[in-house]
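Geometric and topological summary
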Amino acid sequence: MRNLHLILPVGTQVVTRRAVATGAGVPICPAGAVGQVIGAPADYSHAYRVRLPDGVEVSLRRDELSIRKQEQTGVMGDPGEILRDHDLYAHVVYRCVVGSRAYGLQNDASDVDLRGVYLPPAELHWSLYGVPEQLENPAAEECYWEMQKFLGLALKANPNILECLYTPLVQHAAPVMQELLAERHRVLSRMVYQTFTGYVLSQFKRLEADFRASGAPRWKHAMHLIRLLLAGIATLREGHVPVRVDEHRDRLLRIKAGDAAWDEVNAWRLALHREFDAAYASTGLPERPDYEWANDFLVRARRSAVQ
């Protein structure tokens, strides 16, 4: 919706919403003419000074003007309004549980974090409006990525996406996703090392700054960074992403509760980095994921969405 109380700055391109004429009735420009604001009023009740392409200047009130970019969008329609007419959640093809319940670190107060994939109808995907890269419902703790976005992140070894592919808690998997799950090893590569290590290093640097400043880093975040290193090491060694952390559960929960000294946590991290380096040197994973297979899968998934 247009905000008529917004004061447009000088330089804004505008479109006239009515024909403009001189006091004697001589036409100056038609409705729909483009101009540029060269003088803005102090409040919305006064007129703007607008210069037209031929150099003629006119005075127009705010309700006689539209911002050019908004006018062009308005002709096509508001994409948000168009998409609200479609229940995109009806096209979720994969729903799984991630987070503490998938790791085996939950307690009675733990949320059920739902993640997954949606495959929109081809007609909507091909339309002018397109589709969002992800659907989010914070109140329900759920998020669903559009298939191409999901695959792209998986090929880059995004930890959250790999967790979705390997969680043992799957609530729903349509046939197209059953195929992806059966071939999920194809998205794994040695890039796991770079992605996981880079994220842990940057985040631990922030945690160390917090510890030095207040002595109280975000212990839950520290726990998850350690868990991420453990998962990365096992992925390089075993060729699949472990999600449950039963073997390390007690030690990880001590960190989460803040019962472990910072030096102890940091020492474990450094030891895990050394293990990660060794696992990278000897891993059997390929240098890069199977892009050709992933592209072929996406094309077939798109075709399946044609009504």
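Note that this is a predicted model, so its numbers are computed, not measured. (Residues numbered from 1 in each chain as written. Predicted model: local features only at pLDDT ≥ 70, side-chain atom pairs only at ≥ 80, totals over all residues. Heavy atoms only, no water.)

Comments concerning empty space enclosed by the protein
As a reminder of what qualifies: Here a cavity denotes grid points, spaced 1 Å and computed from the protein atoms alone, that fit a 1.4 Å probe unable to get out, and a pocket denotes an open set having protein on both sides within 12 Å along at least 5 of 7 lines; residues with an atom within 4 Å of a point are the lining. Grid points are joined across faces, edges and corners, and a volume is the space filled by probe spheres set on the points. Helix numbering and strand numbering both begin at the N terminus, where a helix is a DSSP run of H or I of at least 4 residues and a strand a DSSP run of E of at least 2.
For the coordinates displayed, the defined rule picks out one cavity of 30 Å³ or more. Put simply, the largest cavity is a space of about 30 Å³. What lines the largest cavity is Ser100, Leu105, Lys220, Met223, His224 and Lys256. With three residues, the top contributor of residues to the lining of the largest cavity is helix H9 (residues 219–238).

Some thoughts on the confidence of the model for the protein
As a reminder of what qualifies: Per-residue confidence from the prediction method is given by pLDDT, with values spanning 0 to 100. Only heavy atoms matter for contacts: two residues are in contact if any of them lie within 4.5 Å across the pair.
When the pLDDT values of the protein are averaged, the result is 90; 92% of them are 70 or greater. When mean pLDDT is taken per element in the protein, helix H7 (residues 175–182) scores highest with 98 and helix H2 (residues 79–84) scores lowest with 53. Segment residues 1–5: pLDDT under 50, and nine contacts once partners within four positions in sequence are set aside and those in other chains are kept.

Structural notes on the sheet that holds strand S7 (residues 65–67)
Operational definition: We call two strands paired when DSSP finds no fewer than two bridges between them. Lines fitted to the C-alpha atoms define the axes, with helices restricted to the stretch that makes contact. Angles between their N-to-C directions range from 0 to 180 degrees.
With respect to topology, five strands assemble into an open sheet ordered S6-S5-S4-S1-S7, the strand pairing being antiparallel. The sheet is open, and its two edges are formed by strand S6 (57–60) and S7, each paired on a single side. Here the average twist between neighbouring strands, direction ignored, is 45 degrees. As paired strands, strand S5 (residues 48–51) and S6 are joined by four bridges and run antiparallel to one another. Among the inter-strand pairings, Arg49 is bridged to a residue of S6, identified as Ser59.

Considering the side chain of Asp113
What counts here: Remark: exposure states derive from per-residue accessible area (1.4 Å probe, protein chains only) relative to the maximum for the residue type, with buried under 20%, exposed over 50%, and partly exposed in between. Note that His is not counted, nor are the chain ends; the positive residues are Lys and Arg, and the negative ones are Asp and Glu. Whenever Lys or Arg places a side-chain nitrogen within 4 Å of a carboxyl oxygen from Asp or Glu, that contact is recorded as a salt bridge.
Position of Asp113 among the secondary structure elements: in strand S9 (residues 113–118). Arg115 provides the closest opposite charge to the buried, salt-bridge-free Asp113, at an N-O distance of 4.9 Å.

Let's talk about the pattern of salt bridges
For side chains bearing opposite charge, pairing can occur when the charged atoms are close. Within this structure, the stated rule accounts for 15 salt bridges. As a salt-bridge pair, Glu57 and Arg49 come within 3.5 Å of each other at their nearest N and O atoms. For Arg49, a relative accessible area of 33% corresponds to the partly exposed category. As a salt-bridge pair, Arg300 and Asp296 come within 2.9 Å of each other at their nearest N and O atoms. Here Arg300 pairs with Asp296, and both are found in helix H12 (residues 291–304), just four residues apart, close to one helical turn. Residue Arg300 is classed as partly exposed on the basis of its relative accessible area of 31%. Judged by its relative accessible area of 39%, Asp296 is partly exposed. When salt bridges with common partners are traced through the structure, they connect Arg18, Arg61 and Glu64 into a single cluster.

A closer look at the packing of aromatic side chains
Applied cut-off: Stacked, tilted and edge-to-face are the three classes assigned to paired rings of Phe, Tyr and Trp, where Trp is represented by its six-membered ring and a pair needs centres within 6.5 Å; plane angles under 30 degrees give stacked, over 60 edge-to-face, the rest tilted. Any Lys NZ or Arg CZ found within 6 Å of a ring centre and within 35 degrees of that ring's normal is scored as a charge over the ring.
Counted by the stated rule, this structure contains eight aromatic pairs. Where Phe211 meets Trp262, the ring centres are 5.3 Å apart and the plane angle is 20 degrees; that geometry is what we call stacked. In this pair, Phe211 sits in helix H8 (residues 191–214) while Trp262 sits in helix H11 (residues 262–282), placing the two residues 51 residues apart along the sequence. Among the aromatic side chains, those forming a connected cluster through ring pairs are Phe204, Phe211, Trp219 and Trp262. Over the ring of Tyr103 we find Arg227, and its NZ or CZ is 3.9 Å from the ring centre. Positioned above the aromatic ring of Phe204, the side-chain terminus of Arg269 is 4.6 Å from the ring centre.

Considering unusual backbone geometry
Of note, the phi angle at Glu141 is positive, near 55 degrees, even though the residue is not glycine. Within the fold, Glu141 resides in the loop between strand S10 (134–137) and strand S11 (142–146). Of the residues examined, Glu141 reaches a relative accessible area of 31% and is grouped as partly exposed. Unusually for a residue other than glycine, Ala157 sits at a positive phi of about 65 degrees. Its location among the elements puts Ala157 in the loop between helix H5 (147–155) and helix H6 (159–166).

Here's the deal with H8
Here is the rule: One fewer than the residue count of a helix, multiplied by 1.5 Å, yields its expected span.
For H8, built from 24 residues, the straight-helix expectation of 34 Å at 1.5 Å per residue is met to within 8% by its first-to-last C-alpha distance of 35 Å. Among all positions of H8, only Met191, Val192, Tyr193, Phe196, Thr197, Val200, Gln203, Phe204, Leu207 and Glu208 are buried. Buried residues belonging to H8 abut H5, H6, H9, H11 and H12. Backbone geometry just after H8 places Gly215 at a positive phi near 75 degrees.

What to know about the pairing of strand S4 (residues 34–39)
Taken together, the three bridges between strand S1 (residues 13–16) and S4 define a ladder with antiparallel strand orientation. Across the sheet, residue Val15 finds its bridge partner in S4, namely Val34. Strand direction decides the pairing type here: S4 and S5, joined by three bridges, are antiparallel. Following the sheet pairing, Gly39 is matched in S5 by Arg49.

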